[in-house]
Amino acid sequence: MALKAVYLYAAIVALLLCSSANFIQSPSDVFGPVALLEPTPSAARDFGAVVSEAPVAVMRPGSAADIARLLGALSSAGPGSRARAAAAAVAARGAGHSLHGQAQARGGIVVETRALPRAVQVADGGAYADVGAGALWVEVLEECLRAGLAPRSWTDYLYLTVGGTLSNGGISGQAFKHGPQISNVLELEVVTGTGEVVTCSPTRSPELFFAVLGGLGQFGIITRARIPLQVAPPKVRWVRAFYDSFESFTRDQELLVSMPELVDYVEGFMVLNEHSLLSSSVAFPVEVNFAPDFGSDGGGGGKKVYYCLEFAVHDFRQQDSAADHVVELVSGKLSFLRPHAYSVEVAYFDFLNRVRMEEESLRSRGLWDVPHPWLNVFVPRHGAARFKDLLMDTVITRGDFEGAVLVYPLLTDRWDGNTSAVVPAAPDGVAYVFSVLRSTDPARCGGACVDGILEEHRRVADEACRRLGAKQYLTRQRSRAHWRDHFGAGWDRFVARKARFDPMHVLGPGQGIFPRTDSTAASLSSM
Ligand code: FAD
């Protein structure tokens with residue numbers, strides 16, 4: 001064992017055995033070759049703002065080697081391992097946009113990946129970009145656009161880190177065509193739970209490569225990713241069309257995703273009331289003259305609900321208005337409420353960055369740094385209408401519901417079954433994303449109210465998983481038994497990957513998948 005590492009062990013064990021208050025004398029204290037800093041409030045906070053677990057220290061790594069020294073020291077067997085195993089959990093934290101404390105480490109160490117080098121290097125004649133895992137997707141986009149290029153698959157919101165979304169899935173309206181972001185990675189550099197720095201790809205250390213994609217931060221910390229690029233269009237033709245029938249809305253969405261040679265993006269959302277019509281218009285720069293009658297009976301005594309389908313076509317302007325012709329052709333096949341289709345041409349960057357305007361709008365109303373009880377569920381096609389009804393009977397019953405409810409189809413064969421991500425079994429290959437995205441106003445919805453919403457989400461998600469074969473996305477399951485159900489047939493593989501790449505269970509405590517218990521610590525200490 002290297003002398004430096006022994007020194008680091010001693011320092012960290014001493015550190016972790018001390019009472020957590022003020023044991024680090026100054027933020028610049030350095031333990032062996034690794035600097036651990038006093039935790040900042042943000043290390044115990046995330047976008048969800050419903051979980052807050054304080055670490056004892058944070059680390060701002062300058063390189064993969066820094067992380068390797070930390071993880072290597074913490075996960076090695078030897079004297080003091082019991083103390084280390086009991087105390088030293090490590091969570092990678094990207095932009096901290098998790099919903100349930102997934103990037104937090106109670107009593108452990110938070111590794112802030114934003115500190116890693118964030119260079120974006122376009123290489124191989126523009127075939128791919130090598131990007132630091134702590135880079136935000138908006139930074140990747142800005143840099144690639146300088147070369148007229150861009151990644152293919154996105155999230156709706158771009159202020160998330162590359163490492164953070166690759167640890168989950170990364171979906172948006174391009175996923176039907178290119179798959180999620182985890183299907184659009186050529187190579188990764190990963191520091192495993194045992195402190196090994198490994199470059200991996202589908203052909204080089206493939207087990208680690210596929211484990212960390214959608215791996216919820218359990219197997220290693222991604223430090224670099226190689227992302228394939230395509231030529232970026234200068235503009236996008238963006239269309240919104242309204243429906244009063246869920247059946248027509250989803251039928252048309254499925255028609256659009258069957259035309260990947262024409263269409264580049266497909267999403268949609270529920271229009272529940274005037275508020276959702278107004279708030280969804282923030283980023284769509286064209287006047288929408290749609291004035292639905294929400295008051296009329298929608299059948300079964302409920303309020304009438306509408307749906308807005310969205311699609312986009314890249315505009316390369318190679319021929320005059322080629323995208324316009326495609327939009328005309330495609331729109332002619334759709335059965336929206338005529339004449340309520342609205343089309344606008346926007347710069348590609350503005351289109352991809354559209355949620356930034358919604359963020360600014362929420363910030364201006366004091367609704368950004370508040371609890372966000374969100375619900376994200378993938379529902380097999382055959383259960384989509386029933387899940388929509390279930391949502392309307394429970395979570396979104398009230399006419400004054402504030403928030404967005406996204407609904408759009410994914411094609412499950414675009415997800416690589418070797419990755420750790422979970423999608424439902426969908427016999428016809430289509431699953432719907434349902435995202436209930438809510439910001440709670442503390443003046444109207446305090447702690448008990450937020451807890452009530454979360455409890456309702458749990459009930460709805462349980463029912464959808466049990467009865468419809470749905471799978472949750474971006475959630476922290478309640479117990480190991482729930483995680484086992486969530487992974488289903490993939491559970492044994494997930495456990496085996498953990499045993500191989502993070503045998504001491506150092507990584508990803510905030511997911512609650514492999515909780516540390518006394519018996520874990522005891523068995524680890526005997527290694
Ligand atoms: P963090 O919250 O910092 O981390 C998330 C998880 O990944 C944690 O478990 C963490 O430990 C782990 N992790 C972070 N970095 C690494 C790394 N380098 N290596 C290994 N593990 C790591 N998701 C979508 O798919 N599509 C969307 O359209 C979308 N829109 C969103 C909009 C908003 C406003 C918000 C708040 C979230 C949205 N998300 C979306 C969810 C988002 O993709 C996830 O929450 C993602 O984890 C956020 O990235 P982050 O950098 O903030 O990760």
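Located above this text is the structure these notes cover.
Computed from a predicted model, the values in this text were never measured in an experiment. (Residues numbered from 1 in each chain as written. Predicted model: local features only at pLDDT ≥ 70, side-chain atom pairs only at ≥ 80, totals over all residues. Heavy atoms only, no water.)

What to know about the overall build of the protein
Within the protein, the regular secondary structure consists of 17 helices and 19 strands. The buried share of the protein, reckoned over its 527 residues, is 56%. Long-range contacts, defined here as pairs at least 24 residues apart, represent 74% of the contacts in the protein between residues at least 6 apart. Here the protein displays about 21100 Å² of accessible surface, and carbon together with sulfur accounts for 51% of that area. (Helix = DSSP H or I, 4+ residues; strand = E, 2+ residues; numbered from the N terminus. Buried < 20%, exposed > 50% of the residue type's maximum accessible area, 1.4 Å probe, protein only. Contact = heavy atoms within 4.5 Å. Areas by Shrake-Rupley, 256 points an atom, 1.4 Å probe, with all protein chains shown as cover.)

Points about the environment of A283
Turning to its location among the elements, A283 is positioned in the loop between helix 9 (274–279) and strand 14 (306–315). Through-space distance from the C-alpha of A283 to that of R354 is 5.6 Å; in sequence the pair is 71 residues apart. Not counting chain neighbours up to four residues away, the residues in contact with A283 comprise W238, R354, M357 and E358.

Here's the deal with the side chain of E254
Looking at the element boundaries, E254 is found in helix 8 (residues 246–257). We classify E254 as buried; its relative accessible area is 19%. Aside from chain neighbours lying at most four places away, what touches E254 is R381, V430 and Y432.

Some points on the sheet that holds strand 4 (residues 90–93)
Sheet strands line up and pair through hydrogen bonds in the backbone, either parallel or antiparallel. If you walk across this open sheet you meet the three strands as 3-5-4, and the pairing is parallel. Each edge of the open sheet is held by one strand with a lone partner, namely strand 3 (57–59) and strand 4. Each neighbouring strand pair of the sheet contributes to a mean axis angle of 25°, computed without reference to strand direction. Sheet topology note: the strand 4/strand 5 (residues 109–112) ladder contains four bridges and is parallel. Each residue of the ladder has a partner; that of A92, found in strand 5, is V111. Where helix 2 (residues 64–75) meets the sheet, its contacts fall on strand 3, strand 4 and strand 5, and the angle it forms with strand 5 comes to roughly 160°. (Pairing = 2+ DSSP bridges. Axes fitted to C-alpha atoms, helices over the stretch in contact; angles between N-to-C directions.)

Some remarks on the pairing of strand 14
By the criterion of burial, strand 14 is predominantly enclosed, with 10 of the 10 residues buried. Taking every second residue as pointing to the same face, both faces of strand 14 are buried, with Y306, C308, E310, A312 and H314 on one and Y307, L309, F311, V313 and D315 on the other. The pairing of strand 12 (residues 235–243) with strand 14 spans nine bridges and is classified as antiparallel. Paired with V236 across the two strands is H314, which belongs to strand 14. Of the strand pairs in this sheet, strand 13 (residues 265–271) and strand 14 are connected by seven bridges, and their pairing is antiparallel.

Some words on the state of the cysteines
One pass over the full model with this rule turns up one disulfide. Residue pairing for C445: its cysteine sulfur links by disulfide to C449, the two sulfurs lying 1.8 Å apart. Across the S-S bond linking C445 and C449, the dihedral sits near -95°, which makes this disulfide left-handed. Residue C449 is classed as partly exposed on the basis of its relative accessible area, which comes to 33%. (Disulfide = S-S within 2.5 Å.)

Looking at the environment of V120
Inspection of the secondary structure puts V120 in strand 6 (residues 120–123). The exposure class of V120 is buried, given its relative accessible area of 14%. For the pair formed by V120 and E142, sequence separation is 22 residues and the distance between their alpha carbons is 9.5 Å.

Considerations on the site of the ligand
Around the ligand there are 34 residues in total, and A92, G94, S98, T161 and Y473 lie nearest to it. In this structure, an oxygen atom belonging to the ligand sits 3.1 Å away from a main-chain N or O atom of Q102. For the ligand, an oxygen atom lies 3.0 Å from a polar atom in the side chain of Q511. Here the ligand, which alone exposes 960 Å², has 95% of that area covered by the protein. Contributions of two or more residues to the shell around the ligand are made by strand 4, helix 5 (162–166) and strand 11 (220–231). (Near = heavy atom within 4 Å. Polar contact = N/O pair within 3.5 Å; in protein donor to acceptor, adjacent residues only side chain to side chain.)

Here we look at the pattern of salt bridges
Evaluated as defined, the whole model comprises 30 salt bridges. Between D264 and K177 there is a salt bridge, and its shortest N-O distance comes to 2.7 Å. Separated by 87 residues along the polypeptide, D264 in the loop between helix 8 and strand 13 and K177 in helix 6 (residues 175–178) bring together distant segments of the chain. Residues joined by salt bridges that share partners form a network here, namely D130, E187, R224 and R226. (Salt bridge = Lys/Arg side-chain N within 4 Å of Asp/Glu carboxyl O.)

Notes on the pairing of strand 17 (residues 404–411)
The element strand 17 is extensively covered by neighbouring structure, given that seven of its eight residues are classed as buried. Judged from the eight bridges that link them, strand 17 and strand 18 (residues 430–437) form a sheet pairing that is antiparallel. Counted as the bridge partner of Y408 is V433 from strand 18.

Digging into the packing of aromatic side chains
Inspection of the entire model under this criterion finds 26 aromatic pairs. Geometrically, the ring pair formed by W491 and F514 is stacked, given 6.1 Å between the ring centres and 15° between the ring planes. In this pair, W491 sits in helix 16 (residues 491–501) while F514 sits in the loop between helix 16 and helix 17 (518–525), placing the two residues 23 residues apart along the sequence. Since its relative accessible area comes to 9%, F514 is described here as buried. Grouped by ring-pair contacts, the aromatic residues F219, W483, F487, W491, F494 and F514 constitute a single cluster. It is R338 that lies over the ring of F336; its NZ or CZ is 4.1 Å from the centre. (Phe/Tyr/Trp six-rings, centres within 6.5 Å; stacked < 30°, edge-to-face > 60°. Lys NZ or Arg CZ within 6 Å of the ring centre and 35° of its normal.)

Considerations on the nonpolar core
Core analysis: the biggest nonpolar cluster contains 83 residues, and L166, I171 and L188 have the highest contact counts within it. Residues contacting L166, with those up to four places away along its chain left out, are Q181, I182, V185, L188, V212, L213, G214, I222 and A225. By size, the runner-up hydrophobic cluster in this structure holds 46 residues, among which are V239, V263, V377 and F434. (Core = buried A, V, L, I, M, F, W, Y, C linked by side-chain atoms within 4.5 Å.)

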